[in-house]
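Chains, contacts and geometry: an overview
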Amino acid sequence: MTLPAGWAARRPTLDDVPAILAVVHAADTFSIGHPDFDAEDVKAALTAPHFDPARDSWLVSDPQGRLVAWSLVDNPTGVGREFVDVLVDPEHGAAVRAPLLARMLDRVAERAAERGLPALTVRVSAYGPETRWAGELAEAGFTRVKRYLRMSRELADLPAEPPLPPGVTVRPLCAGDEADLRLFHRIFDTAFRDTPDYEPVGYDQWREHLPAYVRTWDEWFVAEVDGEPAGALQSSDQALEQDMGWVRTLSVLPTHRRRGVGAALLRRAFAIYAAKGRRQAGLGVDLANPTSPATLYRSVGLQELHWADMYERTVPAAA
């Protein structure tokens, strides 16, 4: 990695969490208008499965010693594609983003060799305002493959939940019941099988990773139609700093789509968020999803906030 004269790179430790968070907040504020990470999210990233901070991440400081950039490889399952983040303070660190990206691609090549693979697919995101970054990704051989929307709605004017469609029931997940967790995973896994980018993860691995993003279980729901499993919704706390309830995934089995199951799950989640005093509800949507979920989300009052493009390229394994 070649940096401008006077700049320095090193590996992160947990002691760096406050300084890293300042960089992430600056990057988020430029990209989406507000901070989107907290200290626990940074700690979780630095201690994630299949991640070694001494090999998979870099910090960069400017000549004044100020931390201005953080890069990392993310692949919590250890299978499938890799995700690279290169986060910079846009006022002070934009010049080092491209060199950091090159170093991270070298690391992806090493990780491919370590996994015994001929190559790995790597993805990087760019938000609407990040036009310079999008250009640097194109220069580095990346191609835009899809767009994600972030959507939200206010909860102050949330209408009362309408009657459920005939035969549909919605109940909380029984988090202490292993059988119910297995049912939830089966619904989620089956529902996403027809999504082009879905990479299946077995129950044991899925269960192992839940503590990384689950802090409360009372915002997880299971839907049934005539007593048969039909759908599931999982929430996360990733947007609590914005006073927002966040829908992490919404899963409806193919045999029960277009029957109001998804809308019923969303409305129940919104009601719980509102009862807790949250100001908004939000979620992300993949516009490449063949089930066209954005139409469903608009029908329950969600509106577009901003978008991000996903870029992709193949990285051959290191020799």
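Please read all numbers here as calculations on a predicted model, not as lab measurements.

**Details of the overall build of the protein**
- Helices and strands together make up the secondary structure of the protein, namely 8 helices and 12 strands.
- In terms of overall dimensions, the protein has a C-alpha envelope of 65 × 45 × 35 Å along the principal axes.
- The buried share of the protein, reckoned over its 319 residues, is 50%.
- In the protein, once contacts between residues fewer than 6 apart in sequence are set aside, the share between residues at least 24 apart is 71%.
- Approximately 14,300 Å² of the protein is accessible, and the part contributed by carbon and sulfur atoms is 53%.
- Across the protein, the 35 positively charged side chains and the 45 negatively charged ones have centroids separated by 3 Å.

**A closer look at the pattern of salt bridges**
- Considering all chains together, one arrives at 34 salt bridges under this definition.
- Between Arg 111 and Asp 56 there is a salt bridge whose closest N-O contact spans 3.0 Å. Here the residue Arg 111 occupies a position in helix H3 (residues 97-114), and Asp 56 occupies one in the loop between helix H2 (39-46) and strand E2 (57-61), the gap between them amounting to 55 residues.
- Glu 136 is the partner of Arg 132 in a salt bridge, and the nearest nitrogen-oxygen pair spans 3.4 Å. Within this pair, Arg 132 and its partner Glu 136 are both found in helix H4 (residues 131-139), separated by 4 residues, close to a single helical turn.

**As for the layout of surface pockets**
- Estimated volume of the second largest pocket: approximately 160 Å³.
- Taken together, 13 residues make up the lining of the second largest pocket; nearest its centre are Phe 30, Pro 90, Ala 94, Arg 97 and Arg 132.
- Broken down by secondary-structure element, the contributors of at least two residues to the lining of the second largest pocket are helix H1 (17-32) and H4.
- Here the lining of the second largest pocket takes 4 residues from H4, the largest share from any one element.
- For the lining of the second largest pocket, the residue count by class is 7 nonpolar, 2 polar and 4 charged.

**Observations regarding the side chain of Glu 224**
- Mapped onto the secondary structure, Glu 224 falls in strand E8 (residues 221-225).
- The exposure class assigned to Glu 224 is buried, which follows from its relative accessible area of 19%.
- Dropping the residues within four chain positions of it, Glu 224 is found in contact with Gly 167, Val 168, Thr 169, Arg 171, Pro 229 and Ala 230.

**Thoughts on unusual backbone geometry**
- Here the phi dihedral of His 50 falls at roughly 60°; this positive angle occurs in a residue that is not glycine.
- With respect to the helices and strands, His 50 occurs in the loop between H2 and E2.
- We classify His 50 as partly exposed; its relative accessible area is 44%.
- Phi is positive for Asp 226, which is not a glycine, with a value near 55°.
- Counting through the fold element by element, Asp 226 comes out in the loop between E8 and strand E9 (228-236).

**Structural notes on the sheet that holds strand E10 (residues 244-252)**
- The 12 strands are arranged E1-E2-E3-E4-E5-E12-E6-E11-E10-E9-E8-E7 in an open sheet whose pairing can be described as mixed. The open sheet has two edge strands, strand E1 (8-10) and strand E7 (168-172), and neither has a second partner. Ignoring which end each strand starts from, the neighbouring axes of this sheet average 25° apart.
- Examined bridge by bridge, strand E5 (residues 119-127) and strand E12 (residues 303-316) share 9 bridges and lie antiparallel to one another. Bridged to Ala 119 within E12 is Pro 316.
- Seen against the sheet, H3 touches E2, strand E3 (67-74), strand E4 (82-88), E5 and E12 and runs at an angle of roughly 155° to E4.
- On the sheet, helix H5 (residues 178-191) packs against E7, E8, E9 and E10 and is oriented at approximately 95° with respect to E9.

**Considerations on the packing of aromatic side chains**
- Summed over the entire model, instances satisfying the criterion amount to 7 aromatic pairs.
- Pairing Phe 188 with Tyr 198 gives two aromatic rings, centres 5.9 Å apart and planes at 90°, and the pair type is edge-to-face. Remark: Tyr 198 occurs in the loop between H5 and helix H6 (203-209) and Phe 188 occurs in helix H5; sequence separation between them is 10 residues.
- Taking the relative accessible area as the measure of exposure, Phe 188 reaches 12% and is therefore buried.
- An aromatic cluster of at least three residues, connected via ring pairs, comprises Phe 184, Tyr 203, Trp 206, Trp 217 and Trp 220.
- In this arrangement the basic side chain of Arg 97 is found over the ring face of Trp 133, its NZ or CZ atom lying 4.1 Å from the centre.

**A short note on helix H7 (residues 261-275)**
- Across its 15 residues, H7 extends 21 Å between first and last C-alpha, which sits within 8% of the 21 Å expected from 1.5 Å per residue.
- Among the residues making up H7, those that are buried are Val 261, Gly 262, Ala 263, Ala 264, Leu 265, Leu 266, Arg 268, Ala 269, Phe 270 and Tyr 273.
- Backbone geometry just after H7 places Gly 277 at a positive phi near 85°.

Reading guide: rules and limits
- Residues numbered from 1 in each chain as written.
- Predicted model: local features only at pLDDT ≥ 70, side-chain atom pairs only at ≥ 80, totals over all residues.
- Heavy atoms only, no water.
- Helix = DSSP H or I, 4+ residues; strand = E, 2+ residues; numbered from the N terminus.
- Buried < 20%, exposed > 50% of the residue type's maximum accessible area, 1.4 Å probe, protein only.
- Contact = heavy atoms within 4.5 Å.
- Areas by Shrake-Rupley, 256 points an atom, 1.4 Å probe, with all protein chains shown as cover.
- Lys, Arg positive; Asp, Glu negative; His and termini not counted.
- Charge placed at Lys NZ, Arg CZ, Asp CG, Glu CD.
- Salt bridge = Lys/Arg side-chain N within 4 Å of Asp/Glu carboxyl O.
- 1 Å grid on protein atoms, 1.4 Å probe; cavity = no way out; pocket = protein on both sides within 12 Å on 5 of 7 lines; lining within 4 Å.
- Points joined across faces, edges and corners; volume = space filled by probe spheres on them.
- Nonpolar A, V, L, I, M, F, W, Y, C, P; charged D, E, K, R; others polar.
- Pairing = 2+ DSSP bridges.
- Axes fitted to C-alpha atoms, helices over the stretch in contact; angles between N-to-C directions.
- Phe/Tyr/Trp six-rings, centres within 6.5 Å; stacked < 30°, edge-to-face > 60°.
- Lys NZ or Arg CZ within 6 Å of the ring centre and 35° of its normal.
- Expected span 1.5 Å × (residues − 1).

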